[in-house]
Amino acid sequence: MELSERAPGSLDSQRSPARLRWEIAIVLALSLGASAVYAIVAIVERLSRETALSSQTATINSPLDERPLFDLIYQLLSFGFGLAPVALVAFLLWRERAPHLGALGLGAPVRGSSSLRGPWWGREAGGGVLLAAAIGIPGLAFYVVAKAIGINATVIPTALDAVWWAVPVLVLQALKAALTEELIVVAYLFERLKRLGVGPVATVVSSALLRGTYHLYQGFGGFIGNVVMGLVFGWCYQRWGRALPLVVAHWILDIVSFVGYPLAVALWPALFAATK
């Protein structure tokens, strides 16, 4: 299906290539482009330490305050304001006609679904579950290998205290990551690069490299693993033009990682626990 459908004469269709490039730069500077720059600085700083990379830790979800109540408030604020870049790309690509977020690969497919049974969102969510399994199992094995050969830090998905709201907050943070990465680095970027005349292969590779770069703070294993994930997700989006399966797959992967981390440490401390 087409990744971009714009009515002739609309404001978006009249934007010049230069304006689109500036728009992409601004969106990325407000979101994952900035994360990529920080991650590059972080990996340089890690490599400059005397401690080996494999003996260092990279924490994804940390407490934001010593007091549980204010920690919860800050975590919820982080979730809400963290979705602002997603709201921005939704605003930029909003269509007057349904599906309003069709340019982001969301909403009921306009065509090609009449012969399929069940709601479109059910089919796409099911596809996301399968995609999560296809990525998650090899990805976990690769993380263990990368850490063993010294090219990755020990990733600590959560360092939150054992409070009643920890799991719901981790689920929300996983959703934020899934929406931000898949709707900006895939759906939005693919649409804008297509309008700039960038070919599908270059688009998929560029998106994957960006995904890998903002995970560099974890080490080179995080970079390689996420580039591979980006290539797979990018190919799927280029092939079918649907974002919901990517969001669901990413959400599941992060939920399993965030919520299941304490259990993994308890069962396999040599593989997942931080080196003391």
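A quick note: this is a predicted structure, and the numbers were derived from the prediction, not measured.

### Considering the pattern of salt bridges
- One pass over the structure, following the stated rule, counts seven salt bridges.
- R49 serves as the salt-bridge partner of E45, at 2.9 Å between the closest nitrogen and oxygen.
- We classify E45 as partly exposed; its relative accessible area is 37%.
- We note a salt bridge from D65 to R67, for which the minimum N-O separation is 3.7 Å.
- Its relative accessible area of 22% is what places D65 among the partly exposed residues.
- Connected through shared salt-bridge partners, E23, E191 and R192 make up one network.

### Details of a nonpolar patch on the surface
- Together, L64, L69, F70, I73, Y74, L77 and F81 make up an exposed nonpolar region whose accessible area comes to about 700 Å².
- Mapped onto the elements, L64 comes out in the loop between β1 (57-61) and α3 (68-82).
- Residue L64 is classed as partly exposed on the basis of its relative accessible area of 43%.

### Describing the side chain of N226
- Within the secondary structure, N226 is located in helix α8 (residues 220-240).
- Taking relative accessible area as the criterion, N226 reaches 13% and is therefore assigned buried.
- Other than its neighbours up to four places away in sequence, N226 contacts A208, R211, G212 and H215.

### Details of the packing of aromatic side chains
- Within the structure shown, the criterion is met by four aromatic pairs.
- With centroids separated by 5.5 Å and ring planes inclined at 85°, the aromatic side chains of F190 and Y237 adopt a geometry described as edge-to-face. Remark: Y237 occurs in helix α8 and F190 occurs in helix α6 (residues 166-195); sequence separation between them is 47 residues. The same class applies to F190 and to Y237, which are both buried.
- One aromatic cluster in this structure is built from Y143, W268 and F272.

Conventions we followed
Residues numbered from 1 in each chain as written. Predicted model: local features only at pLDDT ≥ 70, side-chain atom pairs only at ≥ 80, totals over all residues. Heavy atoms only, no water. Salt bridge = Lys/Arg side-chain N within 4 Å of Asp/Glu carboxyl O. Buried < 20%, exposed > 50% of the residue type's maximum accessible area, 1.4 Å probe, protein only. Patch = residues over 30% accessible without salt bridge, like charges linked within 9 Å, V, L, I, M, F, W, Y side chains within 5 Å. Areas by Shrake-Rupley, 256 points an atom, 1.4 Å probe, with all protein chains shown as cover. Helix = DSSP H or I, 4+ residues; strand = E, 2+ residues; numbered from the N terminus. Contact = heavy atoms within 4.5 Å. Phe/Tyr/Trp six-rings, centres within 6.5 Å; stacked < 30°, edge-to-face > 60°.

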